[in-house]
Amino acid sequence: QVQLVESGGGLVQAGGSLRLSCAASGRTFSDNAMAWFRQAPGKEREFVAGINWSSGTTRYVDSVKGRFTISRDNAKNTVYLQMNSLKPEDTAVYYCAAANRPIITDFRSRYDYWGQGTQVTVSS
């Protein structure tokens, strides 16, 4: 059974940084898409960043380009999201997701596995 476990969330001041981790277990990912989504109170869950586990190809939503970096460590079966220059509007629950397919997409329904989420709060 595949499990995705997020960690690294917390409270940070605007302009600060956090690094989220997503540890995968239950299978070895190869040519799969992995992604981070986020959901703020009262809003829909939105795509933030994605990476192809094999090629390392990445994709970002425009609002985080230049501030966030997604990466993976194959040996640790872990995906990371480095978040710099955080803004109050980045406040949300951040979810890790994995797909049984290689294409990075911002459609939630294309992802087969989800973590429980980790809270990120950015104070002004």
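The following refers to the structure shown.

Scoring rules and cut-offs
- Residues numbered from 1 in each chain as written.
- Predicted model: local features only at pLDDT ≥ 70, side-chain atom pairs only at ≥ 80, totals over all residues.
- Heavy atoms only, no water.
- Helix = DSSP H or I, 4+ residues; strand = E, 2+ residues; numbered from the N terminus.
- Contact = heavy atoms within 4.5 Å.
- Core = buried A, V, L, I, M, F, W, Y, C linked by side-chain atoms within 4.5 Å.
- Buried < 20%, exposed > 50% of the residue type's maximum accessible area, 1.4 Å probe, protein only.
- Pairing = 2+ DSSP bridges.
- Axes fitted to C-alpha atoms, helices over the stretch in contact; angles between N-to-C directions.
- Phe/Tyr/Trp six-rings, centres within 6.5 Å; stacked < 30°, edge-to-face > 60°.
- Lys NZ or Arg CZ within 6 Å of the ring centre and 35° of its normal.

1. Describing the side chain of Asp 90
Now for step 1: Structurally, Asp 90 is set in the loop between β8 (78-83) and β9 (92-98).
Now for step 2: With near-sequence residues (within four places) excluded, Asp 90 lies in contact with Arg 38, Arg 67, Phe 68, Ser 85, Val 120 and Val 122.

2. Observations concerning the nonpolar core
Now for step 1: If you look at the biggest cluster of nonpolar residues, it comprises 28 residues, and the most contacted ones within it are Met 34, Trp 36, Leu 81, Met 83 and Tyr 94.
Now for step 2: Elements represented by at least two residues in this core include exactly β3 (18-25), β4 (33-39), β5 (46-52), β7 (68-73), β8, β9 and β11 (118-123).
Now for step 3: If sequence neighbours within four positions are ignored, Met 34 has contacts with Leu 4, Phe 29, Ala 49, Gly 50, Ile 51, Trp 53, Ile 70, Val 79, Cys 96, Ala 97, Ala 98 and Tyr 111.

3. A short note on the sheet that holds β3
Now for step 1: Strands sit in the order β1-β3-β8-β7 across an open sheet of 4 strands; the sheet is antiparallel. Only two strands of the sheet have a single partner each, and these edge strands are β1 (3-7) and β7. On average, adjacent strands in this sheet sit at an angle of 15° to one another, irrespective of strand direction.
Now for step 2: Here β7 runs beside β8; their pairing, made up of 6 bridges, is antiparallel. Among the inter-strand pairings, Thr 69 is bridged to a residue of β8, identified as Gln 82.

4. Re the packing of aromatic side chains
Now for step 1: For the structure on display, the rule yields 5 aromatic pairs.
Now for step 2: Where Phe 37 meets Phe 47, the ring centres are 5.7 Å apart and the plane angle is 85°; that geometry is what we call edge-to-face. One end of the pair, Phe 37, is in strand β4; the other, Phe 47, is in strand β5, and 10 residues separate them in sequence.
Now for step 3: Look at Phe 37 and you get buried, because its relative accessible area is 0%.
Now for step 4: Given a relative accessible area of 6%, Phe 47 falls into the buried group.
Now for step 5: Between Arg 45 and the ring centre of Trp 114, over which it is positioned, the NZ or CZ distance is 5.1 Å.
Now for step 6: Over the aromatic face of Phe 47 sits the side chain of Arg 59, whose NZ or CZ is 5.5 Å from the ring centroid.

5. Points about the environment of Val 2
Now for step 1: As for its position among the elements, Val 2 is in the segment before β1.
Now for step 2: Val 2 gets classed as buried once you look at its relative accessible area, which sits at 18%.
Now for step 3: With sequence-adjacent residues up to four places away left out, Val 2 is seen in contact with Ser 25, Gly 26, Arg 27, Phe 29 and Tyr 113.

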